[in-house]
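# Fold and geometry: a report
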Amino acid sequence: MADPREESEPLLSRTRGGSARHSPAGVPSCHSIQVGPGAVARRDLCLDQAVVFIEDAIQYRSINHRVDARSLWLYRRYYSSTSQWTLSFTIFLILALAFIETPSSLTSTSDVRYRPAPWEPPCGLTEGVEALCLLVFVADVSVKSYLVGWAQFRKNPWLLAYLVVLLVSLVDWTVSLSLICQEPVRVRRLLRPFFLMQNSSMMKKTLKCIRWSLPEMASVGLLLTAHLCLFTMLGMLLFPGEKDDRRDRQRLTYFRNLPEALTSLLVLLTTANNPDVMIPAYSKNRLYAIFFIAFTLIGSLFLMNLLTAIIYNQFRGYLMKSLQTSLLRRRLGIRAAYKVLSSMTAEGEAHPGGVGVKPQDFLQVLQKVQLDSDHKQAIMEKLHSRSGDLLSADEFQKLFDEFDKRVIKEHPPRPEYRSPFLQSAQFLFGHHYFDYLGNLMALGNLVTICVFLVLDAHVLPKDRDDFVLGILSCVFILYYLLEMLLKVFALGLRGYLVSSSNVFDGLLTAVLLVLEISTLAVYRFPHPGWKPEALGLLSLWDVTRLVNMLVAFRFLRIIRSMELMAVVASTILDLIRNMRAFGGILAVVYYVFAIIGIILFRGVIVAPGNSSLAPDNGSAPCGSFEQLEYWTNNFDDFAAALVTLWDVMVVNNWQVFLDAFRRYAGPWSKIYFVLWWLVSSVIWVNLFLALILENFLHKWDRRSHLQSLTGDLGATSEVTVELLFRDVLQEPTEEELAEKLSHHPHLQLCR
């Protein structure tokens with residue numbers, strides 16, 4: 001098994017056995033120049049090293065990279081927002097080419113009956129864009145290889161694979177141009193998702209965790225296979241069928257041969273064809289139900305849930321391991337910055353306080369660090385509040401604890417009114433009870449909308465009397481406007497805009513007001529028998545429906561007023577933000593299977609009447625691909641392939657796809673769809689479920705601890721996940737930090 005310490009080694013890293021002898025020859029280190037004109041250059045180098053190490057700590061990056069002046073300049077340019085956005089856009093662009101390349105997805109529908117001939121780009125257009133993307137990737141791998149050094153490049157499998165993928169892509173690109181874009185298969189399209197994976201360390205960790213879980217998942221897979229085969233043989237023995245029995249012929253649609261029986265039970269494992277597969281046998285003898293119930297109990301309810309439990313057990317510590325690794329990287333980066341800055345003090349004038357970092361040196365470094373102004377201000381205030389001349393290692397570390405807190409902007413002071421009446425009004429409309437009244441009005445508005453939707457469900461638009469609905473819409477919108485103005489009066493304009501919920505309410509109120517004024521201008525004021533649907537470009541019902549949709553969004557404000565809902569909602573939002581790596585893994589799997597599906601099944605689904613395999617809907621069996629009119633589900637272009645894979649992943653009626661592609665493409669097509677089901681529905685969905693449980697349970701259990709940290713559950717949005725779990729994470733020891741710094745491949749410190 002691989003060394004578990006490798007989990008903390010990111011892309012830009014070096015083996016722990018490296019030493020300073022690998023530093024570039026002739027490049028002055030932070031300690032190589034003692035006196036003379038080079039002292040200024042040495043000081044600037046030390047400051048730049050500290051700046052980069054602190055930025056590495058902020059972004060949880062490894063510090064194992066070159067630290068000479070030229071490399072530091074290149075390193076900061078590479079990790080600048082411009083460079084990273086350029087790289088991300090390039091990855092997005094090369095992946096998006098699949099929608100434009102032949103077969104193009106630029107049609108209004110994917111239905112084979114109505115789809116027009118798509119626009120196909122001329123040869124060389126998409127290839128030119130792809131060439132620019134590949135050049136960016138060549139530059140990317142070149143910079144990474146230089147920054148980590150040749151020795152590490154040869155030992156890093158991701159960098160080597162990066163180089164191989166680029167070489168294969170360039171060769172395949174050359175072949176495409178030489179064949180005038182008429183090649184049957186483009187191998188490089190299958191390799192494009194690699195560019196997305198290699199740029200995300202979290203995706204690499206996820207793949208590694210999946211690899212660790214494969215043996216346990218394989219053991220359950222073998223049990224599932226044995227279970228499936230055993231019941232398939234039992235089914236073939238129980239349902240042999242008789243030629244003169246109509247009901248037996250019906251049963252033989254599911255068990256007429258071994259492949260069909262195996263497929264029927266595999267689909268039953270997902271409950272997609274339940275109870276259809278059981279009804280023919282059950283209609284003849286009720287005891288046959290025992291067979292299907294036993295199969296479902298053992299397979300679906302026991303073995304499949306056992307697989308979920310195994311995956312959850314493997315990933316139970318995934319979040320903690322990730323946070324522990326992030327904490328180690330941050331502590332190591334900050335300690336490296338401290339060592340560099342303290343070495344400047346140690347080699348300078350003597351200080352009675354011993355070795356440490358000068359506050360003025362730290363402030364000079366802080367000004368160069370790419371950090372938002374709010375955090376910089378918080379760190380400087382914490383620095384000025386301390387006493388003493390030099391910063392110790394512990395004090396230096398505590399300054400950066402501000403990274404784990406989202407800076408809370410202070411509310412501007414409220415307007416001061418001299419009139420007692422205005423002061424009372426300000427207190428009344430600035431109280432949180434006034435928010436409760438607004439929530440009650442929003443609830444009443446939503447209930448009103450629902451009532452009218454139910455009453456008018458069976459009434460044609462031309463027969464509706466919209467007088468009451470129009471009056472109520474005016475009343476509620478006027479209240480929203482009045483509420484906004486009163487809050488601005490009580491809090492002040494700046495105080496009103498500080499709250500994101502107030503901004504959200506204000507924007508929706510403004511849009512609602514504009515729509516209402518437009519409605520009154522076109523249709524006049526509501527009156528009994530008001531039916532102005534024939535006036536204007538939009539009918540009254542269309543405008544009212546748009547207004548009602550916005551009111552429904554405004555009702556979301558009630559979530560933050562309910563403590564339990566607020567905790568759940570904030571947890572879900574945090575999960576969405578922290579699940580990008582697993583969403584990326586799913587995108588990669590979708591991309592690869594969609595390209596393979598296009599290669600295998602492009603053009604096999606034909607419109608009805610164009611082939612003997614595609615009968616008209618009237619003659620198609622009930623529940624078949626043709627009778628259900630699933631003609632939009634095909635692999636004729638990339639967008640259609642993605643939707644088809646999604647429909648199969650949901651496993652609702654996926655037996656229809658298995659049967660259709662078996663008839664149109666051949667029985668081997670089942671292998672493709674079963675593999676997709678295993679990868680997407682079995683592995684990825686269970687993995688995603690396990691990770692959601694892990695994250696949610698941890699955050700739910702930690703909310704009481706968070707309350708002790710912040711004093712208020714409403715402050716959840718003002719701390720990071722790292723601070724939330726800080727007391728359960730293990731702080732790196734001094735020996736561990738010193739050992740890792742001593743093995744830094746490019747940094748020379750006085751020891």
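A brief look at the structure comes next. Here the structure is a predicted model, which means the values were calculated and not measured.

### Looking at the overall build of the chain
- Helix and strand counts for the chain come out as 30 helices and 0 strands.
- When each of the 751 residues of the chain is scored for burial, the buried share is 46%.
- Pairs at least 24 residues apart make up 74% of the contacts formed inside the chain by residues separated by at least 6 positions.

### Observations concerning the nonpolar core
- Phe-137, Phe-195, Phe-292, Phe-362, Phe-396 and Trp-654 are the most contacted members of the largest nonpolar core, which has 132 residues in total.
- No other element matches the 13 residues that helix α25 (residues 580–601) contributes to this core.
- Apart from residues lying up to four places away in sequence, Phe-195 is in contact with Ile-91, Ile-94, Leu-134, Phe-137, Tyr-162, Val-165, Leu-166 and Ser-169.

### A look at the pattern of salt bridges
- Taken as a whole and judged by the stated rule, the model has 27 salt bridges.
- The residue Arg-189 makes a salt bridge to Glu-101 at a minimum N-O spacing of 3.3 Å. Taken together, the residues span a long stretch of sequence, with Arg-189 in helix α7 (residues 187–191) and Glu-101 in the loop between α3 (81–96) and α4 (125–148) at a distance of 88 residues.
- Residue Glu-101 is classed as buried on the basis of its relative accessible area, which comes to 0%.
- Across the salt bridge formed by Asp-637 and Arg-115, the nearest N and O atoms sit 3.9 Å from each other. Taken as a pair, Asp-637 in the loop between α25 and α26 (638–649) and Arg-115 in the loop between α3 and α4 lie far apart in primary sequence, 522 residues in all.
- Among the residues examined, Arg-115 registers a relative accessible area of 25% and is labelled partly exposed.
- Each of the salt bridges in this network shares a partner with another, and the network as a whole consists of Glu-101, Glu-127, Glu-130, Asp-172, Glu-183, Arg-186, Arg-188, Arg-189 and Arg-192.

### Remarks on helix α9 (residues 201–238)
- Under the 1.5 Å per step criterion, the end-to-end length of α9 is 53 Å for 38 residues, consistent within 8% with the ideal 56 Å.
- The N-terminus of α9 is capped by Ser-200, whose side-chain oxygen sits 3.2 Å from the backbone nitrogen of Met-203.

### Examining the state of the cysteines
- Inspection of the entire model under this criterion finds 1 disulfide.
- There is a disulfide in this structure between Cys-123 and Cys-181, and the S-S distance comes to 2.0 Å. Classification of the bridge connecting Cys-123 and Cys-181 rests on its S-S torsion, roughly 70°, and on that basis the disulfide is right-handed. Taken together, the residues Cys-123 in the loop between α3 and α4 and Cys-181 in the loop between α6 (157–178) and α7 connect sequence positions 58 residues apart.
- On the accessibility criterion, Cys-181 (15% relative accessible area) is buried.

### Some remarks on the packing of helix α11 (residues 258–269) against helix α27 (residues 654–664)
- Packing of α11 against α27 leaves a shortest axis separation of 10 Å and a crossing angle of 155°. In terms of orientation, α11 and α27 fall into the roughly antiparallel class. Crossing angle aside, the handedness with which α11 passes α27 is right-handed. Residues Glu-260, Thr-263, Leu-266 and Val-267 of α11 form the contact with α27, whose participating residues are Trp-654, Gln-655, Leu-658 and Arg-662.
- Grouping the constituent residues of the contact of α11 with α27 by class yields 4 nonpolar, 2 polar and 2 charged.

### Some remarks on a nonpolar patch on the surface
- Residues Val-164, Val-168, Val-185, Val-187, Ile-599, Leu-600, Trp-668, Ile-671, Leu-675 and Leu-678 make up a contiguous nonpolar surface patch of roughly 790 Å² in combined accessible area.
- Those elements giving two or more residues to the nonpolar patch turn out to be α6, α25 and α28 (669–710).
- When residues in the nonpolar patch are grouped by element, the largest group, 3 residues, is from α28.
- Relative to the elements of secondary structure, Leu-678 occurs in helix α28.
- Overall, the relative accessible area of 34% leaves Leu-678 in the partly exposed class.

### Quick word on the environment of Gln-49
- Among the structural elements, Gln-49 can be located in helix α1 (residues 38–58).
- Residue Gln-49 is classed as buried on the basis of its relative accessible area of 2%.
- Sequence separation between Gln-49 and Leu-72 is 23 residues; the distance between their C-alpha atoms is 7.2 Å.

### Quick notes on the side chain of Arg-330
- Tracing the chain through its elements places Arg-330 in helix α14 (residues 318–346).
- The class for Arg-330 is buried, based on a relative accessible area of 4%.

### Details of the side chain of Glu-55
- Assignment of secondary structure puts Glu-55 in helix α1.
- A polar contact is formed between the side chain of Glu-55 and the backbone nitrogen of Gln-370, at a distance of 3.0 Å.
- Residues contacting Glu-55, with those up to four places away along its chain left out, are Arg-61, Arg-76, Lys-368, Val-369 and Gln-370.

### Considering unusual backbone geometry
- Note that the residue after Thr-102, namely Pro-103, is joined by a cis bond; omega there is 0°.
- Within the secondary structure layout, Pro-103 lies in the loop between α3 and α4.
- In the segment running from Asn-274 into Pro-275, the intervening peptide bond is cis, with an omega of 5°.
- Positive phi values are uncommon outside glycine, yet Glu-629 reaches one of about 55°.
- If you trace the backbone, Glu-629 turns up in the loop between α25 and α26.
- According to the relative accessible area criterion, Glu-629 is partly exposed, its value standing at 41%.
- For Val-651, which is not glycine, the phi dihedral falls at a positive 60°.
- Owing to a relative accessible area of 16%, Val-651 belongs among the buried residues under this scheme.

### A closer look at the packing of aromatic side chains
- All told, the structure shown has 40 aromatic pairs when counted by the stated rule.
- Between the aromatic rings of Phe-601 and Phe-635, the centroid separation amounts to 5.5 Å while the plane-to-plane angle is 45°, which identifies the pairing as tilted. With Phe-601 in helix α25 and Phe-635 in the loop between α25 and α26, this pair connects stretches of sequence that are 34 residues apart. The pair formed by Phe-601 and Phe-635 is uniform in burial state, with each residue classed as buried.
- Cluster of aromatic residues (ring-pair linked, three or more members): Tyr-590, Phe-593, Phe-601, Phe-635, Phe-661, Trp-668, Tyr-672, Phe-673 and Trp-676.
- Arg-66 extends its terminal NZ or CZ atom over the ring of Tyr-146, reaching a point 4.8 Å from the ring centre.
- Directly above the ring of Trp-158 sits Lys-204, whose terminal nitrogen or CZ lies 5.2 Å from the centroid.

Cut-offs used in this document
- Residues numbered from 1 in each chain as written.
- Predicted model: local features only at pLDDT ≥ 70, side-chain atom pairs only at ≥ 80, totals over all residues.
- Heavy atoms only, no water.
- Helix = DSSP H or I, 4+ residues; strand = E, 2+ residues; numbered from the N terminus.
- Buried < 20%, exposed > 50% of the residue type's maximum accessible area, 1.4 Å probe, protein only.
- Contact = heavy atoms within 4.5 Å.
- Core = buried A, V, L, I, M, F, W, Y, C linked by side-chain atoms within 4.5 Å.
- Salt bridge = Lys/Arg side-chain N within 4 Å of Asp/Glu carboxyl O.
- Expected span 1.5 Å × (residues − 1).
- Polar contact = N/O pair within 3.5 Å; in protein donor to acceptor, adjacent residues only side chain to side chain.
- Disulfide = S-S within 2.5 Å.
- Axes fitted to C-alpha atoms, helices over the stretch in contact; angles between N-to-C directions.
- Parallel < 35°, antiparallel > 145°, perpendicular 65-115°, else oblique.
- Left-handed = near helix turned anticlockwise from the far one by under 90°.
- Nonpolar A, V, L, I, M, F, W, Y, C, P; charged D, E, K, R; others polar.
- Patch = residues over 30% accessible without salt bridge, like charges linked within 9 Å, V, L, I, M, F, W, Y side chains within 5 Å.
- Areas by Shrake-Rupley, 256 points an atom, 1.4 Å probe, with all protein chains shown as cover.
- Phe/Tyr/Trp six-rings, centres within 6.5 Å; stacked < 30°, edge-to-face > 60°.
- Lys NZ or Arg CZ within 6 Å of the ring centre and 35° of its normal.

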